[in-house]
Every structure is written in structure tokens, then in C-alpha cells.
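Spelled out from the first residue to the last, the chains are:
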Amino acid sequence: KYGKLGRKVDLVDGKRKSSFIRNWRIYGVILSGSQLMFFKDELGFNMQMKKLNNPEKSKLPILKPDVILMTADSVAVYDKNYEKHKNVFRLVCPKGHQYLFQAENEEEMNDWISKINYA
Ligand code: I3P
């Protein structure tokens, strides 16, 4: 699965993250197996998609994702207490990190949640 998601780092080591990095940012996101890859810019995202869709393009330069999260031991949940933005789900990671992600609509949100949890 792939698409665009807004992302906010909510908690680090179970604690609230300091104020200067609490903003939302849009990423191109690819879920491949249990790897969640984040691209800050369109170019990296599009190149990676081309490579995944067409093995012949594997000679394209490797543009590293800006962030990679392994989702195997993480849980994605709809957070009904978070009311500020719509279609937001929470990713709870084993070491106490928690991320908020905003999808475009409810259907997309549910799809991301189930694909992340069953990947
Ligand atoms: C943050 C930004 C986020 C907001 C966050 C602010 O400020 O306004 O949108 O999260 O609130 O700290 P800045 O851009 O100056 O970093 P929400 O949209 O979820 O409220 P928070 O600190 O309560 O998470």
C-alpha cells in the first residue's frame, strides 16, 4: 500500500516530545511487508514506487527513505480521543514511540490501520 499521510511524532520513550518538533508534515508513504517507508519529497517517493512496480527499473538510483519504521511489533489504532483533526490514527511502537497519522478520509484510514496491523 502507498499514499500520502500527514505525520506527527506524538510521544518519544513514552513521554511528550519537546515543543519545537510537534508539527504535522506530509510524507509519501509506502508499506512494503512490515516496513513503513517515509519520503519527504515527491521525487524519492515516485522513484521508489517505480522501482517496486517495475523490477527492470531497479537500476534507478536508490533514494533512501527519510524514515523507516518497522511495524511488526507496532499497533495501529484509531484514537477517538484525538479530536483536533479528522481521520487520525495512532501508531504505538514497542519502545514507547507514538506517531499520529492523518489519512485523506475514513476509508483510507481504516485501510492503513488494517494493513499495518496485518502486515
Ligand atoms: C504544533 C503544531 C501542531 C500541533 C502541536 C503544536 O506547533 O501547531 O499542529 O498539533 O500541538 O505544538 P508548532 O508548529 O509550533 O510545532 P495538533 O495539530 O495535533 O494540535 P501539541 O503540542 O499539542 O501536539
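Worth saying up front: this structure is predicted, and the values here are computed from it rather than measured.

Trainee: What's the story with the overall build of the protein in this structure? I'm lost.
Mentor: Helix and strand content of the protein: two helices and eight strands. Reading the secondary structure of the protein in the N-to-C direction produces β-β-β-β-α-β-β-β-β-α. The C-alpha atoms of the protein give 14 Å as radius of gyration, which agrees with the globular expectation for 119 residues (14 Å, within 12%). Structurally, the protein occupies a C-alpha span of about 45 × 30 × 25 Å along its principal axes. Residues classed as buried in the protein amount to 23% of the 119 residues present. Considering only intrachain contacts with a sequence separation of at least 6, the fraction spanning at least 24 residues in the protein is 44%.

Trainee: Is there a simple way to explain the pairing of strand 4 (residues 35–39) in this structure?
Mentor: One face of the sheet, then the other: side chains in a regular strand alternate in exactly this way. Sheet topology note: the strand 3 (residues 25–32)/strand 4 ladder contains five bridges and is antiparallel. Looking across to strand 4, one finds that Ser-32 is bridged to Gln-35. Where strand 3 folds back onto strand 4 in an antiparallel hairpin, the turn is made up of two residues, including Gly-33, whose phi is positive at roughly 60°. Summarising the sheet, strand 4 and strand 5 (residues 67–70) pair through four bridges and their orientation is antiparallel.

Trainee: I'm lost on unusual backbone geometry in this one. Help?
Mentor: Negative phi values dominate among residues other than glycine, just as trans dominates among peptide bonds. Positive phi values are uncommon outside glycine, yet Asp-13 reaches one of about 50°. Topologically, Asp-13 is positioned in the loop between strand 1 (2–12) and strand 2 (15–16). Even without being glycine, Asn-87 reaches a positive phi, approximately 55°.

Scoring rules and cut-offs
Residues numbered from 1 in each chain as written. Predicted model: local features only at pLDDT ≥ 70, side-chain atom pairs only at ≥ 80, totals over all residues. Helix = DSSP H or I, 4+ residues; strand = E, 2+ residues; numbered from the N terminus. Rg over C-alpha atoms; globule rule 2.2 N^0.38 Å. Buried ≥ 20, exposed ≤ 12 C-beta atoms within 10 Å, placed from the backbone. Contact = placed C-beta atoms within 7 Å. Pairing = 2+ DSSP bridges.

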